[in-house]
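So the chains spell out like this:
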Amino acid sequence: MMRSHYTILAYWSWFLLGLVWLPGYFMSKNTSNVPRRGLQIPATLLLIAGFALLLNPGFHALGTPVTPDDTRLGIIGVMLDLPGVALAIWARLALGGNWSGIVVTMKQGHELVQTGPYAIVRHPIYTGLSLAVIGTALTKGTLAAYIGLAAIFIAFLIRVAVEEQLMSGQFGEAYEAYRRQTWKLVPLVW
C-alpha cells in the first residue's frame with residue numbers, strides 16, 4: 001500500500017474531528033473574557049496557515065517530498081494520527097460548554113475541568129492534535145506538510161501560554177494545585 005492511502009485515512013480522521021467539533025461552536029457557554037488578543041491573532045493566523053499547508057494537496061512549489069514514499073512512514077503516521085484525533089475528541093467532549101474554539105476565551109460560569117484526559121495533562125486537545133499533525137505530516141511527507149506542522153506547533157505553544165495565564169488568573173490556587181499534579185502537554189515529560 002502506498003503512503004498516499006494512509007494520507008487518505010488521516011484526512012478522514014480530520015473530517016471526523018470536524019464533524020464532532022462543529023456542534024461545539026454552537027453549544028458552548030457565552031464568552032465573558034477574551035485575553036491577550038495581541039498574541040491570539042498571530043496564533044490564529046499560524047493555525048490557519050499551518051492547517052492549510054498540512055491538509056491542502058495543491059501547494060505545488062511546496063509539494064516536494066521531504067521523506068521517502070515509504071509504507072512504514074504511512075503506517076507510523078496513521079498510528080499517531082488516529083489516537084491523536086481520538087484524544088482530541090475525548091478532551092473536547094470532556095470540556096463541554098467550556099470549550100473556546102478558535103480563539104482562547106473564558107466562558108460565563110467557566111469550570112476547571114480536571115477529569116478524563118484533563119486528569120493527566122492540562123492541554124490534552126493540543127496533545128492529541130499534535131500527535132495527529134505529526135502523523136498526518138508523516139503520511140504526506142511533503143515540505144508543505146512539515147512547514148505546516150511547525151506553524152501549528154508554534155501556534156499551540158502561544159495558545160498554551162495564553163490559556164495557562166487565563167486559567168491561573170481565573171482559578172488562582174485551585175489552578176496552581178492542578179498544575180502541580182498534571183503535565184502540561186506530554187505525560188512524564190512536560
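In the block above lies the structure referred to throughout.
The text that follows walks through the structure, step by step, so that each part is easy to find. Keep in mind that this is a model prediction, so the values were computed, not measured.

Within a pair of aromatic rings, the relevant descriptors are the distance that separates the centres and the angle that separates the planes. Taken as a whole and assessed by the stated rule, the structure comprises five aromatic pairs. Residues Trp12 and Phe15 carry aromatic rings whose centres are separated by 5.4 Å and whose planes lie at 90° to one another, so their mutual orientation is edge-to-face. Of the two residues, Trp12 and Phe15 both sit in helix H1 (residues 3–21), three residues apart, roughly one turn of that helix. Taking relative accessible area as the criterion, Phe15 reaches 47% and is therefore assigned partly exposed. Considering the side-chain rings of Tyr126 and Phe156, the 4.9 Å spacing of their centres and the 40° angle between planes classify their relative orientation as tilted.

Our next topic: the environment of Gln40. Turning to its location among the elements, Gln40 is positioned in helix H3 (residues 37–55). Overall, Gln40 belongs to the buried group, its relative accessible area being 5%. Measuring from C-alpha to C-alpha, the distance between Gln40 and Val103 comes to 6.7 Å, with 63 residues separating the pair along the chain.

Now for the packing of H3 against helix H6 (residues 143–171). Contact geometry for H3 and H6: axes closest at 7 Å, N-to-C directions at 155°. Comparing their axes, H6 and H3 come out roughly antiparallel. When you trace H3 past H6, the crossing you get is left-handed. Counted together, Leu39, Gln40, Ala43, Leu46, Leu47, Gly50, Phe51, Leu53 and Leu54 of H3 and Ala144, Ala145, Ile147, Gly148, Ala151, Ile152, Ile154, Ala155, Phe156, Ile158, Arg159 and Val162 of H6 form the full contact between these two elements. Taken together, the residues of the contact of H3 with H6 sort by class into 17 nonpolar, three polar and one charged.

Parameters and conventions
- Residues numbered from 1 in each chain as written.
- Predicted model: local features only at pLDDT ≥ 70, side-chain atom pairs only at ≥ 80, totals over all residues.
- Heavy atoms only, no water.
- Phe/Tyr/Trp six-rings, centres within 6.5 Å; stacked < 30°, edge-to-face > 60°.
- Helix = DSSP H or I, 4+ residues; strand = E, 2+ residues; numbered from the N terminus.
- Buried < 20%, exposed > 50% of the residue type's maximum accessible area, 1.4 Å probe, protein only.
- Axes fitted to C-alpha atoms, helices over the stretch in contact; angles between N-to-C directions.
- Parallel < 35°, antiparallel > 145°, perpendicular 65-115°, else oblique.
- Left-handed = near helix turned anticlockwise from the far one by under 90°.
- Contact = heavy atoms within 4.5 Å.
- Nonpolar A, V, L, I, M, F, W, Y, C, P; charged D, E, K, R; others polar.

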